[in-house]
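# Understanding the architecture of this molecule
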Amino acid sequence: MTSRPTAAELAAAKDRTIPDVVPPRGGVLLSGINPGLYSAATGHHFARPGNRFWPALHRSGFTDRLLTPAEQHLLPSYGLGITNLAARATAQAAELTAEELAEGGALLEAFVERHAPRTVAVLGVTAYRTAFGDRSARIGPQERTLGGARLWILPNPSGLNAHYTVDTLAAEFRALRATADEPVTT
């Protein structure tokens, strides 16, 4: 799909899943909360216009140019991958249950053990807290590891998260990038 999804296509995308972009071993895995309807309709992560993920990724220096969601297949060449805590698409992340997020946390840990990224970053502190039962978690590096990988929490790049601009998101992504090659300590 190259054009914007229609209202009917968005409605039909409810509960769909989209494939993961698997990072290379030793790379960085970015985990969203779950696909929105726009992403599910297009088949691309963070696809909704106004989502600041792709601009923040570029401005942080992870990519040498601004990629479009349709170019997500290029991410492994930058040492990156994308998955989600919950696989099913919803209009809003608030539609997910705490049980879905907790199950997603366990699935994310298994994914990390299987694909061995060096670093995992969950994009959304509230979803992370629910998924992993850690009410004290804050944006930034975490003391614990996940499946043997260094663990970070980044802000949710959705346009609904008005606390962060593209530039402040990019600064958080840049801090992650600065440590991506460091050895993991447990």
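What you see is a predicted model, and the numbers here were worked out from it, not measured in a lab.

Criteria and thresholds
Residues numbered from 1 in each chain as written. Predicted model: local features only at pLDDT ≥ 70, side-chain atom pairs only at ≥ 80, totals over all residues. Heavy atoms only, no water. Axes fitted to C-alpha atoms, helices over the stretch in contact; angles between N-to-C directions. Helix = DSSP H or I, 4+ residues; strand = E, 2+ residues; numbered from the N terminus. Parallel < 35°, antiparallel > 145°, perpendicular 65-115°, else oblique. Contact = heavy atoms within 4.5 Å. Nonpolar A, V, L, I, M, F, W, Y, C, P; charged D, E, K, R; others polar. Buried < 20%, exposed > 50% of the residue type's maximum accessible area, 1.4 Å probe, protein only. Phe/Tyr/Trp six-rings, centres within 6.5 Å; stacked < 30°, edge-to-face > 60°.

### Some words on the packing of helix H4 (residues 98–115) against helix H5 (residues 125–132)
Pairs of packed helices are described in terms of their axes, by the angle between the two and the distance that separates them. Orientation of H4 relative to H5, taken along the N-to-C sense of each, is 80 degrees, at an axis distance of 7 Å. When the axes of H4 and H5 are compared, the pair comes out roughly perpendicular. For the pair H4 and H5, the contacting residues are Ala98, Leu101, Ala102, Gly105 and Leu108 in the first and Ala127, Thr130, Ala131 and Phe132 in the second. Here the contact of H4 with H5 is built from residues that sort into seven nonpolar, two polar and no charged.

### Examining unusual backbone geometry
Positive phi is not limited to glycine here, since Asp15 has a value of about 75 degrees. Along the chain, Asp15 falls in the loop between helix H1 (7–12) and strand S1 (28–32). Taking relative accessible area as the criterion, Asp15 reaches 42% and is therefore assigned partly exposed. Phi is positive for Ala116, close to 55 degrees, though the residue is something other than glycine. Here Ala116 shows up in the loop between H4 and strand S3 (119–123).

### Focus on the packing of aromatic side chains
Evaluated as defined, the whole model comprises four aromatic pairs. Each ring, one from Phe53 and one from Trp54, has its centre 4.9 Å from the other, and the planes form 90 degrees; the classification is edge-to-face. You'll find Phe53 and Trp54 in the same group, each marked buried. Residues Phe53 and Phe173 carry aromatic rings whose centres are separated by 6.1 Å and whose planes lie at 70 degrees to one another, so their mutual orientation is edge-to-face. Separated by 120 residues along the polypeptide, Phe53 in helix H3 (residues 53–59) and Phe173 in helix H6 (residues 166–179) bring together distant segments of the chain.

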